[in-house]
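Summary of structural features
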Amino acid sequence: MLILSGAVGLTRADDKPLDRAELDKRIVRIVYESALLGTEIFNRGGHGECARLYQGTLSAVVPMLDHRPKLQTDAQQRLERAKGLNKAADAAIEMRAALDEIQNTIAPPIKKEPALEPKDTKEPKNTQEPKDAKKVLWDRLGGESVVKAVVHDFALAALEDPKVNFTRGGKYKPSAAALEKSIVDMISDVSGGPFKYSGKSMKEAHKGMAITDAEFDALAVHLVASLKKFKVADPEIAELVKVVAGTREAIVEKAPAPTEKGAKP
Ligand code: HEM
């Protein structure tokens, strides 16, 4: 399987065993790529193809999880359960849950990313001037690896939350991968990152969806939760949330008040 090539070996060419952090990093990378591709395949109806992809990924990854026995057992159990399911879509969903669990349990090695400053937990948070304020927001968020991981996590949570009602009752079936890419591009564009957003304006993209303030707020809660999960610092969270809040007016369409009987048009 193409996606797994070069990532399965537990030793490097010089035969030195991989350390735990490096192993985790590789596992997260494989799982992330597989989930992204699988979502794309699943959403265009390739349930069987997606299930085979996830099965291949899990079969390769589970043996690599010796250092995380609980996660290994859980993932193995889901893999076995999926094999017993008749519908390919159900099997794919079961295995996707295992992939998400792996990804969510093994936090990406954010602290080891060169783009990030080591975070000193003893330092008071929310100081007036962020320590690395000279860096653009994109870099302070953690750059490409962190933003992509945050957006993936956030999109999964938002897509599943009825309080957000992302698909507007099934009316929209956006490709999760394309949507994630658009959102990453957008964050990059507004935060000084390398990617440019070239999609529709927020007003145009959400026109006629009758998105409410409460739905917008529910979405924002997921964004903040994902940013925290990936250890983005409070000042950067506040800065990004401020930018997102600025789109509220374009996205929220106040539902017209119901006309009372006899009321004038
Ligand atoms: C409750 C709030 C929201 C809901 C229900 C929602 C729903 C959707 C849906 C269903 C689509 C796909 C439209 C299609 O397939 O044609 C979409 C596209 C998109 N949304 Fe949202 N959205 C919400 C808030 C936001 C926010 C706050 C942002 C970012 C600030 C955002 C950014 C985008 C982007 C970038 C696209 C892709 C547009 C394109 O590439 O053309 N959305 N949204």
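This one's a predicted model, so the numbers in the text were calculated from it and none came from an experiment. (Residues numbered from 1 in each chain as written. Predicted model: local features only at pLDDT ≥ 70, side-chain atom pairs only at ≥ 80, totals over all residues. Heavy atoms only, no water.)

Notes on the overall build of the protein
Basically, it comes down to this: Every helix listed is a DSSP run of H or I at least four residues long, and every strand listed is a run of E at least two residues long, numbered separately from the N terminus. Note on classification: 1.4 Å probe, protein chains only; a residue is buried when its accessible area is under 20% of the maximum for its type, exposed when over 50%, partly exposed between these limits. Contact between two residues is taken to exist if any of their heavy atoms lie within 4.5 Å; hydrogens are not considered. Where accessible areas are quoted, they stem from the Shrake-Rupley method and a 1.4 Å probe; at the residue level, only the protein chains shown are allowed to cover.
The helix and strand inventory of the protein stands at 11 helices and zero strands. Burial analysis of the protein (265 residues in total) assigns 38% to the buried set. The contacts in the protein between residues at least 6 apart in sequence include a share of 72% that link residues at least 24 apart. About 15,400 Å² of surface is accessible on the protein, with carbon and sulfur atoms providing 57% of the total.

Some details on the layout of surface pockets
How we decide: Only protein atoms enter the 1 Å grid used here. Points where a 1.4 Å probe fits but cannot escape make up a cavity, open sets with protein on both sides within 12 Å along at least five of seven lines make up a pocket, and a residue lines them when an atom lies within 4 Å of a point. Grid points are joined across faces, edges and corners, and a volume is the space filled by probe spheres set on the points.
Its boundaries defined by the atoms lining it, the largest pocket holds a volume of some 940 Å³. Along its surface, the largest pocket is lined by 36 residues, and Phe166, Leu179, Ile183, Met202 and His206 are the ones closest to its centre. At the level of elements, α6 (143–160), α7 (176–191), α8 (202–205), α9 (213–229) and α10 (234–245) are the ones that each hand at least two residues to the lining of the largest pocket. Examining the composition of the lining of the largest pocket, we find that seven residues originate from one element, α7, more than from any other.

Considerations on the side chain of Glu215
How we decide: A 3.5 Å cut-off defines polar contacts: any pair of N or O atoms within that distance qualifies, except that in protein one atom must be a possible hydrogen donor and the other a possible acceptor, and neighbouring residues in sequence count only when both atoms are side-chain atoms.
Summarising the element assignment, Glu215 is placed in helix α9. Of note is the side chain of Glu215, whose polar atom sits 2.6 Å from the side chain of Arg168. Those residues in contact with Glu215, other than ones at most four positions away along the chain, are Lys163, Val164, Asn165, Arg168 and Ala210.

So, the packing of aromatic side chains
Going by this rule: Stacked, tilted and edge-to-face pairs are distinguished by plane angle, under 30 degrees for stacked and over 60 for edge-to-face with tilted covering the rest, among Phe, Tyr and Trp rings (Trp via its six-membered ring) whose centres lie within 6.5 Å.
Taken as a whole, this structure holds one aromatic pair when the rule is applied. Ring geometry for Trp138 versus Phe195: centroids 6.0 Å apart, planes at 85°, classification edge-to-face. Taken together, the residues span a long stretch of sequence, with Trp138 in helix α5 (residues 137–141) and Phe195 in the loop between α7 and α8 at a distance of 57 residues.

Re the packing of helix α1 (residues 20–43) against α7
Rules: Axis geometry follows a simple rule: fit a line to the C-alpha atoms, using only the stretch in contact for helices, then measure angles between N-to-C directions, giving values from 0 to 180 degrees. An angle below 35 degrees is treated as roughly parallel, one above 145 as roughly antiparallel, one from 65 to 115 as roughly perpendicular, and anything else as oblique. In this count, Pro and Cys sit with the nonpolar residues alongside Ala, Val, Leu, Ile, Met, Phe, Trp and Tyr, while Asp, Glu, Lys and Arg are called charged and the others, Gly among them, polar.
Packing of α1 against α7 leaves a shortest axis separation of 7 Å and a crossing angle of 125°. Relative to α7, the element α1 is oriented oblique. Contacts between α1 and α7 involve Tyr32, Leu36, Thr39, Glu40 and Asn43 on the former and, on the latter, Ala176, Ala177, Ala178 and Glu180. Partitioning the contact of α1 with α7 into residue classes produces five nonpolar, two polar and two charged.

Focus on unusual backbone geometry
In this model, Asn165 sits at a positive phi of 45°, which is unusual for a non-glycine residue. Looking at where Asn165 falls in the secondary structure, it is placed in the loop between α6 and α7. On the accessibility criterion, Asn165 (26% relative accessible area) is partly exposed. Positive phi values are uncommon outside glycine, yet Lys231 reaches one of about 65°. Along the chain, Lys231 falls in the loop between α9 and α10. Owing to a relative accessible area of 42%, Lys231 belongs among the partly exposed residues under this scheme.

Re the site of the ligand
Heads up, the rule is: We call a residue near a molecule or strand as soon as one heavy atom of that residue lies within 4 Å of the molecule or strand. Assignment of a molecule to a cavity or pocket requires that more than half of its atoms lie within 2 Å of the corresponding grid points.
Near the ligand, the surroundings consist of 22 residues, among which Phe166, Ser182, Lys200, His206 and Ile251 are the closest. His206 places a side-chain nitrogen or oxygen 2.9 Å from a nitrogen atom of the ligand. At a threshold of 2 Å from the grid points, most atoms of the ligand map onto the largest pocket. Of all elements in the fold, only α7, α8 and α9 reach the threshold of two or more residues within the shell around the ligand. A class-by-class count of the residues in the shell around the ligand yields 15 nonpolar, four polar and three charged.

Here we look at the environment of Glu80
Note on placement: Glu80 falls in helix α3 (residues 69–83). Under the relative-accessibility criterion, Glu80 is labelled partly exposed at 42%. Placed 25 residues apart in sequence, Glu80 and Gln55 show a C-alpha to C-alpha distance of 9.8 Å.

Some details on the UniProt feature "binding site: heme" (unreviewed entry) in the protein
So the rule is basically this: UniProt positions are given in the numbering used here, feature names are shortened, and annotations may be inferred rather than shown by experiment.
Taking the numbering used here, the UniProt-annotated feature "binding site: heme" (unreviewed entry) corresponds to His206. Along the chain, the position of His206 falls in the loop between α8 and α9. Residues contacting His206, with those up to four places away along its chain left out, are Ile211, Ile251 and Glu253.

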